[in-house]
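Fold and contact review
So you can see what is in the structure, the chains are spelled out below.
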Amino acid sequence: MERMNCGMRCHDLCAKADIDTVLDTVKENGIHQIQLAFGKSIAGFDFAPGHYSPGMAHMIAEKLKERDIHVAVLGCYINPIHPDKEVRQASIAKFIEHLKYAKIIGADLVGTETGRYSRDFSVVPETYTEESYQIFLDTMGQIVRAAEKLGATVGVEAVHDHTLCTPDKMRRFLDDIDSPNVEAILDPVNLISAENYKEQDAVIARALELYGDRVSMLHIKDFRMENGEPEFEHVGDGLFHYQPILSWLKKEKPYVTMLLENSNKERYHSDVAFLKKIYDEM
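Rules used throughout
Residues numbered from 1 in each chain as written. Predicted model: local features only at pLDDT ≥ 70, side-chain atom pairs only at ≥ 80, totals over all residues. Heavy atoms only, no water. Disulfide = S-S within 2.5 Å. Buried < 20%, exposed > 50% of the residue type's maximum accessible area, 1.4 Å probe, protein only. Helix = DSSP H or I, 4+ residues; strand = E, 2+ residues; numbered from the N terminus. Pairing = 2+ DSSP bridges. Right-handed = clockwise from strand over helix to strand, strands pointing away.

Let us now look at the state of the cysteines. Evaluated as defined, the whole model comprises zero disulfides. Cysteine C10 is unpaired, with the sulfur of C14 as its nearest cysteine sulfur at 6.2 Å.

A word on the pairing of strand 1 (residues 5-9). In the case of a regular strand, side chains alternate between the two sheet surfaces. By the criterion of burial, strand 1 is predominantly enclosed, with four of the five residues buried. Here strand 1 pairs with strand 10 (residues 257-260) via four bridges, running parallel. Looking at strand 10, one finds that G7 is bridged to L259. Sheet topology places strand 1 next to strand 2 (residues 33-36); two bridges connect them, and they run parallel.

It is worth spelling out the pairing of strand 4 (residues 109-113) at this point. Where burial is concerned, most of strand 4 is hidden: four out of the five residues are buried. The sheet contact formed by strand 3 (residues 70-75) and strand 4 spans three bridges and is parallel. When the sheet's bridge partners are listed, G75 is paired in strand 4 with G111. Taking the sense of rotation as the criterion, the β-α-β connection linking strand 3, helix 5 (residues 85-105) and strand 4 turns out right-handed. Here four bridges tie strand 4 to strand 5 (residues 154-157), and the two strands are oriented parallel to one another. Paired with G111 across the bridge in strand 5 is G155. In the classification by handedness, the crossover that spans strand 4, the intervening helix 6 (residues 130-150) and the parallel strand 5 is right-handed.

Worth remembering: the numbers are spatial, not functional.
And the structure:
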């Protein structure tokens, strides 16, 4: 893709398997940029806190290099506002170990969404309170301090039913955390809700206005409305308006990596071709 970097999530491409099988599948499908979530993709290793070692990270780095594969996002999707403080502290330890892995394997950032104030990750009104935001800020503060010491980058993704549920809350967080080691992952569809889907262009424009300068990664998918709620869909098969985000990308950040979600090895290249056609016509 001219001046565009596309990739996809490993666990969308193939089932969980040993590391060589997973990375060989990535290479065979002509993909060079990936989002890698260890627990979802790689079998045969214990990636829980306390099992990290530089040797393991260097082994993974070498296997990536052999296949010309780059980890754009090392996924560590925790619940930063879990109601149980002990669970949160365990999640912080897990994230910090991922930051160590990222440094050695050359991942651009370690990414997370921003959580819900529930034990089972269900949608609850408490998620959107000031108390939950302050818990989130405390959790991320501990993570970001470690990232600063390690020289690693934390990627944070706003979602319409998580703690950072609007572009304005994301901007507030970036100001409050005040660290160059934090960047934004923008998934436009994740900002779309049952209440705002008819104004999706305005929602995305607001996100780009408030924190487009901090966006270092894009997640791209589509959505449809089902029983009054947005449901994820394959790229190009739903209601999402791609022109505004691709126009911004071409003008402002043409080298930002776009990771396709809700794709698969059968669809990936046609999905990329669909996006390229829109991009070329901008």
